[in-house]
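Take a look at the letters that make up each chain.
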Amino acid sequence: MALTVLLAIGATAAQTASAQPQGMRGGEHGVGHGGDDRGHGMSMVSPRMMGRALDAVSASADQRAQIKQITDAARADMKTQHESGRQLRDDAAALFAQPTVDARAAEALRQQMLARHDQASKRQLQMMLDISRVLTPEQRKTLADKLAQHRSMMERHRTERSAAEPKPAR
């Protein structure tokens, strides 16, 4: 349950676009299509969404200020990591554009990507732990419940959209 609560908090406040393994197909994973910094997955929420989440748990002004400091610091760290990931993706593109692909170089690059992913994941976890220390157990439970409701609603919408899509002709 504690891990679920921490993950829920992370879903509300974390940027993992730069923490996701980067594909070799130019922006398909991690950053948004077109190479911008919008991200996918559990991306950094807008200040308005963060405000709503903190409103939902009746966060005090002091808690809000502390969480803003935590998320601002994480955002800055993750931006730096994201930029290093962009260089790794560029390196991968150059490597695979060669007439002969060097398997050892490709493996070394893969290892660098994994190390960067691990570093970003650790930073995200640290942010989640820091936020968990600011919120009370009751606030974390409330937030986890709200996020579970939201996930359920999104899954229901996905199911409805899928059922409404026309089936391809054979």
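For the structure itself, look to the data block above.
Source: prediction; values computed, not measured.

1. Let's talk about the overall build of the chain
Part 1 of the reasoning: Helix and strand counts for the chain come out as 5 helices and 0 strands.
Part 2 of the reasoning: Start at the N end of the chain and walk to the C end: the helices and strands fall as α-α-α-α-α.
Part 3 of the reasoning: In the chain, of all internal contacts separated by at least 6 residues, the share reaching a separation of at least 24 is 73%.
Part 4 of the reasoning: Counting every atom, the chain has about 10,700 Å² of accessible surface; 57% of that belongs to carbon and sulfur.

2. A word on the pattern of salt bridges
Part 1 of the reasoning: Tallying each qualifying case throughout the model produces 9 salt bridges.
Part 2 of the reasoning: The shortest N-O distance in the salt bridge between D55 and R64 comes to 2.5 Å.
Part 3 of the reasoning: Classification of D55 by relative accessible area gives partly exposed; the value is 49%.
Part 4 of the reasoning: Across the pair K141 and D145 runs a salt bridge, and its minimum N-O distance is 2.9 Å. Of this pair, K141 and D145 both sit in helix α5 (residues 137-164), 4 residues apart, which is roughly one turn of that helix.
Part 5 of the reasoning: When its relative accessible area of 34% is taken as the criterion, D145 is described as partly exposed.

3. Quick look at the nonpolar core
Part 1 of the reasoning: Counting 15 residues, the largest nonpolar core has I67, M127, I131, L135 and L143 as its most contacted members.
Part 2 of the reasoning: Elements with a minimum of two residues in this core: α2 (47-56), α3 (61-96), α4 (103-134) and α5.
Part 3 of the reasoning: Per element, the largest residue contribution to this core is 4 residues, and it comes from α4.
Part 4 of the reasoning: Ranked by size, the runner-up nonpolar core spans 6 residues in total, among them L88, A106, L109 and M113.

4. Things to note about unusual backbone geometry
Part 1 of the reasoning: One non-glycine residue, S58, adopts positive backbone phi at about 55 degrees.
Part 2 of the reasoning: As for its placement among the helices and strands, S58 is situated in the loop between α2 and α3.

5. With respect to the environment of L54
Part 1 of the reasoning: Within the secondary structure layout, L54 lies in helix α2.
Part 2 of the reasoning: Between the C-alpha atom of L54 and that of R64, which follows or precedes it by 10 residues, the distance is 7.2 Å.
Part 3 of the reasoning: The contacts of L54, once residues within four sequence positions are left out, are A59, R64 and I67.

6. What about the packing of α3 against α4?
Part 1 of the reasoning: In the contact formed by α3 and α4, the axes pass within 10 Å of each other and the chain directions differ by 175 degrees. Taken together, the axes of α3 and α4 are roughly antiparallel relative to one another.

7. A look at α4
Part 1 of the reasoning: Counted at 1.5 Å a residue, the expected span for α4 with its 32 residues is 46 Å, and the 47 Å between its end C-alpha atoms agrees.
Part 2 of the reasoning: When α4 is considered as a whole, its buried residues turn out to be A106, L109, M113, R116, A120, R123, Q124, M127, M128, I131, S132 and V134.
Part 3 of the reasoning: N-cap assignment for α4: the residue whose side-chain oxygen lies 2.9 Å from the backbone N of R104 is D102.

8. Some words on the side chain of R123
Part 1 of the reasoning: Tracing the chain through its elements places R123 in helix α4.
Part 2 of the reasoning: Classification of R123 as buried rests on a relative accessible area of 16%.

Definitions and limits used
- Residues numbered from 1 in each chain as written.
- Predicted model: local features only at pLDDT ≥ 70, side-chain atom pairs only at ≥ 80, totals over all residues.
- Heavy atoms only, no water.
- Helix = DSSP H or I, 4+ residues; strand = E, 2+ residues; numbered from the N terminus.
- Contact = heavy atoms within 4.5 Å.
- Areas by Shrake-Rupley, 256 points an atom, 1.4 Å probe, with all protein chains shown as cover.
- Salt bridge = Lys/Arg side-chain N within 4 Å of Asp/Glu carboxyl O.
- Buried < 20%, exposed > 50% of the residue type's maximum accessible area, 1.4 Å probe, protein only.
- Core = buried A, V, L, I, M, F, W, Y, C linked by side-chain atoms within 4.5 Å.
- Axes fitted to C-alpha atoms, helices over the stretch in contact; angles between N-to-C directions.
- Parallel < 35°, antiparallel > 145°, perpendicular 65-115°, else oblique.
- Expected span 1.5 Å × (residues − 1).
- Polar contact = N/O pair within 3.5 Å; in protein donor to acceptor, adjacent residues only side chain to side chain.

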